[in-house]
Amino acid sequence: MSKKKLDYKISEEFDHELNDIRNKLSQLERGRIYELNGAKMDGYLATNIEELRKMMNELLSKIQKGEDGIDTELAEALSTFHI
């Protein structure tokens, strides 16, 4: 197994993705699930857990593959537009 040190901080490069995960966890912590509050927009506990798994897997996959975070991708996309 090759151990290469990353030349960036994961917390900075993937700040957007990590914030999405933090927000989902915070909502769950505050009981924002359909089973507790009856608000369909909050979703079922199982659905929220499934979304968290997907978010974490996507983030780990990006890191593993050396892909950019959403913020970097957006910045690069916007830099191609000339107004």
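Thresholds applied
Residues numbered from 1 in each chain as written. Predicted model: local features only at pLDDT ≥ 70, side-chain atom pairs only at ≥ 80, totals over all residues. Heavy atoms only, no water. Phe/Tyr/Trp six-rings, centres within 6.5 Å; stacked < 30°, edge-to-face > 60°. Helix = DSSP H or I, 4+ residues; strand = E, 2+ residues; numbered from the N terminus. Buried < 20%, exposed > 50% of the residue type's maximum accessible area, 1.4 Å probe, protein only. Expected span 1.5 Å × (residues − 1). Contact = heavy atoms within 4.5 Å. Salt bridge = Lys/Arg side-chain N within 4 Å of Asp/Glu carboxyl O. 1 Å grid on protein atoms, 1.4 Å probe; cavity = no way out; pocket = protein on both sides within 12 Å on 5 of 7 lines; lining within 4 Å. Points joined across faces, edges and corners; volume = space filled by probe spheres on them. Nonpolar A, V, L, I, M, F, W, Y, C, P; charged D, E, K, R; others polar. Core = buried A, V, L, I, M, F, W, Y, C linked by side-chain atoms within 4.5 Å. Polar contact = N/O pair within 3.5 Å; in protein donor to acceptor, adjacent residues only side chain to side chain.

## Observations concerning the packing of aromatic side chains
At step 1: Counted under the stated rule, the structure contains 2 aromatic pairs.
At step 2: With centroids separated by 4.8 Å and ring planes inclined at 70°, the aromatic side chains of Tyr34 and Tyr44 adopt a geometry described as edge-to-face. Here Tyr34 is found in helix H3 (residues 34–37), whereas its partner Tyr44 is found in the loop between H3 and helix H4 (45–65), with 10 residues between them in sequence.
At step 3: Residue class for Tyr44 comes out partly exposed when judged on its relative accessible area of 44%.

## Brief notes about H4
At step 1: Given a rise of 1.5 Å per residue, 21 residues ought to cover 30 Å, and the 30 Å separating the end C-alpha atoms of H4 matches this to within 8%.
At step 2: Residues of H4 that are buried sit in contact with helix H1 (10–13), helix H2 (15–29) and helix H5 (70–79).
At step 3: Gly66 sits one or two positions beyond H4 and adopts a positive phi of about 75°.

## Points about the pattern of salt bridges
A side chain with one charge may pair with a side chain of the opposite charge, provided their charged atoms come close.
At step 1: Following the criterion strictly, the structure yields 4 salt bridges and no others.
At step 2: In this structure, Lys62 and Glu17 form a salt bridge, with 3.0 Å as the shortest nitrogen-oxygen distance. Here Glu17 lies in helix H2 and Lys62 lies in helix H4, a separation of 45 residues in the sequence.
At step 3: The exposure class of Lys62 is buried, given its relative accessible area of 15%.

## Description of the layout of surface pockets
At step 1: Computed from the structure, the largest pocket encloses a volume of approximately 180 Å³.
At step 2: When grouped by side-chain class, the residues that make up the lining of the largest pocket number 3 nonpolar, 1 polar and 4 charged.

## Description of the nonpolar core
At step 1: Counting 5 residues, the largest nonpolar core is built from Phe14, Ile21, Leu52, Leu59 and Ile63.
At step 2: Broken down by element, this core gets its largest block of residues, 3 residues, from H4.
At step 3: Leaving out residues up to four positions away in the same chain, Leu59 has contacts with Phe14, Glu17, Leu18 and Ile21.

## So, the side chain of Asn48
At step 1: Of note, Asn48 is situated in helix H4.
At step 2: The exposure class assigned to Asn48 is buried, which follows from its relative accessible area of 2%.
At step 3: Within the structure, the side chain of Asn48 is placed 3.0 Å from the backbone oxygen of Asp42, a separation counted as a polar contact.

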